[in-house]
Amino acid sequence: MQEIQLGDITVEVTQKDIKNVHLSVYPPFGQVKIAAPERMDLDTIRIYAISKLTWIRKQQAKIKSQKREAPREYLTKESHYYFGKRYLLKVIEHNASPVVKLKHNTIELYIRPATSTEKRKEILEEWYRGQLKVKIPELISKWEIVMGVNVNDFGIKKMKTKWGTCNIGAKRIWLNLELAKKPVSCLEYIIIHEMTHLLERNHNTRFVALMNSFLPNWREVKEELNKLPVSHTEWMY
């Protein structure tokens, strides 16, 4: 790994057996990384980075201004969110397999005595994943009819910098696990966005026109999603 210094910005450069340059800005501190083809020399990479300086600063400002949730300890009376609604966690010890139950204003977490914080987190995240696995197919099916496209598969994973991605060739979309905590309208917006890539690969005027036709208020939903607090995560690189 090498580094490029652009004023007060340090850019980590990794060269790999890839065709194109990939530039990313990571939360929570706006760390900048470039993955570049092995054939590209460092001066060319520097020029590329300089050309993207305005975009880099904009992304860093966005990351640093975004609210973050306090670290979660997974204890009774702690706030947790499910599809945009705030619930209080209720931890109940029992001598059986872990279970999560959604009640009117609470999320009940049934765990064995002495279950660690990390394990509690893992149990709750798997519950969130299960809820998304029910909701996502409903939304995909709805929009396949409207948009005239087919999604072959979807996946759910933790993502550092994106709410969703689309593998156009495989017709597979990936969605961020954190979307289980956001309003369903935000989840639906991301699904529509990724499915639109099956009609238009790039974020160009045609892509925007398609988004406008499918979801006229998508800009407002996008703004709402980007203003909502993101999870407190100690990112490791």
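Details of the structure are given in the entry above.
Let me sum up the structure you'll find in this document.

What counts, and at which threshold
- Residues numbered from 1 in each chain as written.
- Predicted model: local features only at pLDDT ≥ 70, side-chain atom pairs only at ≥ 80, totals over all residues.
- Heavy atoms only, no water.
- Helix = DSSP H or I, 4+ residues; strand = E, 2+ residues; numbered from the N terminus.
- Expected span 1.5 Å × (residues − 1).
- Contact = heavy atoms within 4.5 Å.
- Pairing = 2+ DSSP bridges.
- Axes fitted to C-alpha atoms, helices over the stretch in contact; angles between N-to-C directions.
- Salt bridge = Lys/Arg side-chain N within 4 Å of Asp/Glu carboxyl O.
- Buried < 20%, exposed > 50% of the residue type's maximum accessible area, 1.4 Å probe, protein only.
- Patch = residues over 30% accessible without salt bridge, like charges linked within 9 Å, V, L, I, M, F, W, Y side chains within 5 Å.
- Areas by Shrake-Rupley, 256 points an atom, 1.4 Å probe, with all protein chains shown as cover.
- Lys, Arg positive; Asp, Glu negative; His and termini not counted.
- Charge placed at Lys NZ, Arg CZ, Asp CG, Glu CD.
- Core = buried A, V, L, I, M, F, W, Y, C linked by side-chain atoms within 4.5 Å.

Details of helix H3 (residues 117–147)
So, point 1. Taking 1.5 Å per residue, 31 residues should reach 45 Å; H3 reaches 43 Å between its end C-alpha atoms and fits that length.
So, point 2. Immediately downstream of H3, the backbone of Gly148 shows phi near 70°, a positive value.

Focus on the environment of Arg172
So, point 1. Mapped onto the elements of the fold, Arg172 is located in strand S11 (residues 172–176).
So, point 2. Beyond its immediate chain neighbours, meaning those up to four positions away, Arg172 contacts Asp153, Phe154, Thr165, Cys166 and Asn167.

Comments concerning the sheet that holds strand S3 (residues 22–26)
So, point 1. If you walk across this open sheet you meet the 4 strands as S1-S2-S4-S3, and the pairing is mixed. Edge strands, defined here as strands with exactly one partner in the open sheet, are strand S1 (2–6) and S3. Neighbour-to-neighbour, the strand axes of this sheet turn through a mean angle of 25°, independent of strand direction.
So, point 2. The strands that helix H1 (residues 42–51) touches are S1, strand S2 (9–16), S3 and strand S4 (31–37); relative to S1, the one it contacts most, it runs at about 45°.

Section: the pattern of salt bridges
So, point 1. Summed over all chains, the structure comprises 10 salt bridges.
So, point 2. A salt bridge links Glu122 to Lys119; its shortest N-O distance comes to 3.1 Å. Note that Glu122 and Lys119 are positioned in helix H3 at a spacing of 3 residues, about one turn of the helix.
So, point 3. For Lys119, a relative accessible area of 37% gives the class partly exposed.
So, point 4. With a shortest N-O distance of 2.9 Å, Lys158 and Glu125 are connected by a salt bridge. On the criterion of sequence distance, the pair formed by Lys158 in the loop between strand S9 (153–157) and strand S10 (164–167) and Glu125 in helix H3 is long-range, its members being 33 residues apart.
So, point 5. Note on Lys158: relative accessible area 52%, which makes it exposed.
So, point 6. Judged by its relative accessible area of 18%, Glu125 falls in the buried class.

With respect to a positive patch on the surface
So, point 1. Among the surface-exposed residues, Lys58, Lys62, Arg219 and Lys222 lie close enough to one another that they form a single positively charged patch.
So, point 2. If you trace the backbone, Lys222 turns up in helix H6 (residues 218–227).

Observations concerning the sheet that holds strand S7 (residues 99–102)
So, point 1. With mixed pairing, 4 strands are arranged side by side in an open sheet as S5-S6-S8-S7. Strands with a single pairing partner mark the edges of an open sheet, and in this sheet they are strand S5 (79–82) and S7. Looking at each pair of strands side by side, their axes are set apart by 35° on average, direction ignored.
So, point 2. The sheet contact formed by S5 and strand S6 (residues 85–93) spans 4 bridges and is antiparallel. Residue Tyr81 lies in a different strand from S6, and its bridge partner there is Arg86.
So, point 3. Contacts from H3 reach S5, S6, S7 and strand S8 (106–111), with the element oriented near 125° to S8.

Regarding the nonpolar core
So, point 1. Residues Ile107, Tyr128, Leu132, Ile136, Leu187, Tyr189 and Ile191 are the most contacted members of the largest nonpolar core, which totals 46 residues.
So, point 2. Elements with a minimum of two residues in this core: S6, S8, H3, S11, helix H4 (184–196), helix H5 (205–214) and H6.
So, point 3. Here this core gets 10 residues from one element, more than from any other, and that element is H3.
So, point 4. Counting 16 residues, the second-largest nonpolar core is a separate cluster that includes Leu6, Val21, Leu23 and Val25.

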